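# Structure assessment
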Amino acid sequence: MDFDLPESALAVREGVAAVAARYDHAYWSRCEEEHRFPQEVFDDLGSGGWFGLCVPEEYGGGGQGLLELAVANMTLCASGGVAGTFFYVTTPGFGAMTLTRHGSQEQKQRILPGLADGSVQFCLALTEPDAGSNAIEIKTAARRDGDEFVIKGQKVWISNVENADWMVAVTRTIPAAETQQRGLPRTAGFTLFLVDVKQALADGTLSYAPIPKMGSNVLASSQVFFDDVQVPAANVIGEVDAGFGVLWDVLNPERILAAAGGIGTADAALRIACDYAREREVFGRPIGANQGLQFPLAQIKAKTELGRLMTYQAAWLFDQGRPCGNEANVAKLTGAQVGWEAANQAFQTLGGMAYSKEYPVERIFRDARIAKNIPVAEELVLAHIGTQMLGLPKSY
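- In the nomenclature of an unreviewed UniProt entry, the chain is known as Acyl-CoA dehydrogenase family protein of Nocardioides daeguensis.

### Some thoughts on the pattern of salt bridges
- A complete count under the given rule lists 18 salt bridges for this structure.
- Across the pair Asp44 and Arg22 runs a salt bridge, and its minimum N-O distance is 3.0 Å. Residue Asp44 is located in helix H3 (residues 39-47), and its partner Arg22 is located in the loop between helix H1 (7-20) and helix H2 (25-34); the two are separated by 22 residues in the primary sequence.
- Since its relative accessible area comes to 54%, Arg22 is described here as exposed.
- Put simply, Glu305 and Arg308 hold a salt bridge, and the shortest N to O gap is 2.8 Å.

### Quick notes on helix H13 (residues 378-389)
- Helix length check: H13, at 12 residues, gives a terminal C-alpha distance of 16 Å against a target of 16 Å (1.5 Å per residue), a fit within 8%.
- What H13 keeps buried is the set Glu378, Val381, Ile385, Gly386 and Thr387.
- Along its buried surface, H13 packs onto helix H11 (325-350).
- One or two residues past the end of H13 sits Gly391, with phi positive at roughly 70°.

### Section: the packing of helix H4 (residues 66-78) against helix H10 (residues 291-319)
- Here H4 crosses H10 at 150°, and the two axes come no closer than 7 Å. Put simply, H4 runs roughly antiparallel to H10. Residues Leu66, Leu67, Glu68, Ala70, Val71 and Met74 of H4 lie in contact with H10, whose contacting residues are Arg308, Thr311, Tyr312, Ala315, Phe318 and Asp319.
- Across the contact of H4 with H10, the residue classes break down as 8 nonpolar, 1 polar and 3 charged.

### Brief notes about the packing of aromatic side chains
- Going through the model one piece at a time under the given rule, you end up with 16 aromatic pairs.
- Taken together, a centroid distance of 5.5 Å and an interplanar angle of 50° make the contact between Phe37 and Phe87 tilted. In this pair, Phe37 sits in the loop between H2 and H3 while Phe87 sits in helix H5 (residues 85-102), placing the two residues 50 residues apart along the sequence.
- Among the residues examined, Phe37 registers a relative accessible area of 11% and is labelled buried.
- Plain terms: the ring middles of Phe347 and Phe365 are 4.9 Å apart, the flat faces sit at 55° to each other, and that makes the pair tilted. Of the two residues, Phe347 sits in helix H11 while Phe365 sits in helix H12 (residues 361-369), which places them 18 residues apart along the sequence.
- Residue placement shows Lys213 over the ring face of Phe86; its charged tip is 5.9 Å from the ring centre.

### Details of the nonpolar core
- Core analysis: the biggest nonpolar cluster contains 98 residues, and Leu45, Phe87, Tyr88, Leu115 and Phe122 have the highest contact counts within it.
- In terms of residue count, the dominant contributor to this core is helix H9 (residues 244-279) (17 residues).
- With residues near it in sequence (within four places) discarded, Leu45 still touches Val16, Val19, Trp50, Phe51, Leu76, Phe87 and Tyr88.
- Of all hydrophobic cores here, the second largest spans 20 residues; its members include Val161, Met167, Val195 and Val236.

Here is what the cut-offs are and how they apply
- Residues numbered from 1 in each chain as written.
- Predicted model: local features only at pLDDT ≥ 70, side-chain atom pairs only at ≥ 80, totals over all residues.
- Heavy atoms only, no water.
- Salt bridge = Lys/Arg side-chain N within 4 Å of Asp/Glu carboxyl O.
- Helix = DSSP H or I, 4+ residues; strand = E, 2+ residues; numbered from the N terminus.
- Buried < 20%, exposed > 50% of the residue type's maximum accessible area, 1.4 Å probe, protein only.
- Expected span 1.5 Å × (residues − 1).
- Contact = heavy atoms within 4.5 Å.
- Axes fitted to C-alpha atoms, helices over the stretch in contact; angles between N-to-C directions.
- Parallel < 35°, antiparallel > 145°, perpendicular 65-115°, else oblique.
- Nonpolar A, V, L, I, M, F, W, Y, C, P; charged D, E, K, R; others polar.
- Phe/Tyr/Trp six-rings, centres within 6.5 Å; stacked < 30°, edge-to-face > 60°.
- Lys NZ or Arg CZ within 6 Å of the ring centre and 35° of its normal.
- Core = buried A, V, L, I, M, F, W, Y, C linked by side-chain atoms within 4.5 Å.

See the structure below:
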């Protein structure tokens, strides 16, 4: 059993760290304060190929896998740009990973080169106001109209639509109630589409409204409205009515990349807390010498390293084409929890100064909290572990 990261992942960690070092906490805090997309760091990472890691080499990418993406995301977040996890979830995760595994040859040739060089961005439209985490019950519908499909419906909490060139839109081509009437599985009747965001906006058939939120304001999260958006049939990802399998191949990488972001967040928060605890002196000694502060930080460090290993394992399993749902869920749960615990303990370590915008703790604190709810709520992950891994009865 070899626990060494492959050379490819080590090179990614070194390369992303070199880019991230150009952008300090003050940069990320300014972007957050101004609700401004961190275009500079995005462009630097994109032009360096750090978003195209999983794009096959024939399309200009690195020909690597989810493990390298997870390491890249973890490294970026550990630098202090913890909201940068959305970079890796939206464009490489939803875009490059999905098309590489499920796109048609034409789709790959048309879009993957832009994903490889960082000139193309993506978003995913799944969540709906009346469905929430129950994806089976989504109502956004796509109907066939000759060589096109027409999409109508509403999505909510869609991140990065304002920057996206393409959207992976999750629709129902068979309503949920009809699948039951026809004796089909509940997961039948899903179809995923590539929507040209800028064209649909220009046509007036797609619109969005950003949702005011407490953190991660370096990119918006929006309500999205489909008003007869026209999509060529050639833009179906996978097969019509059989998109749920593709969706699972989107959601597992999303959870693994979110886990990596949580671990990177913990690294960033621990570094800030420990630096302060070494330098701040009260009662004639550094506050880090007090076990009341030292032991909680040590406990979080131990949890961070455990979460890192599980994230690596889940990503490795995905790259090997092996089942990874259990590991992805455990990694996501652990990463979100330890990221939040580290941010919370950093707040406690800095005391009143953590409340000041002089330090980045207040930003990391706000950004870390949402990870316990997205991309899947902590309670649903625990329910999966309880029923699928422990064999306990379901509550429904």
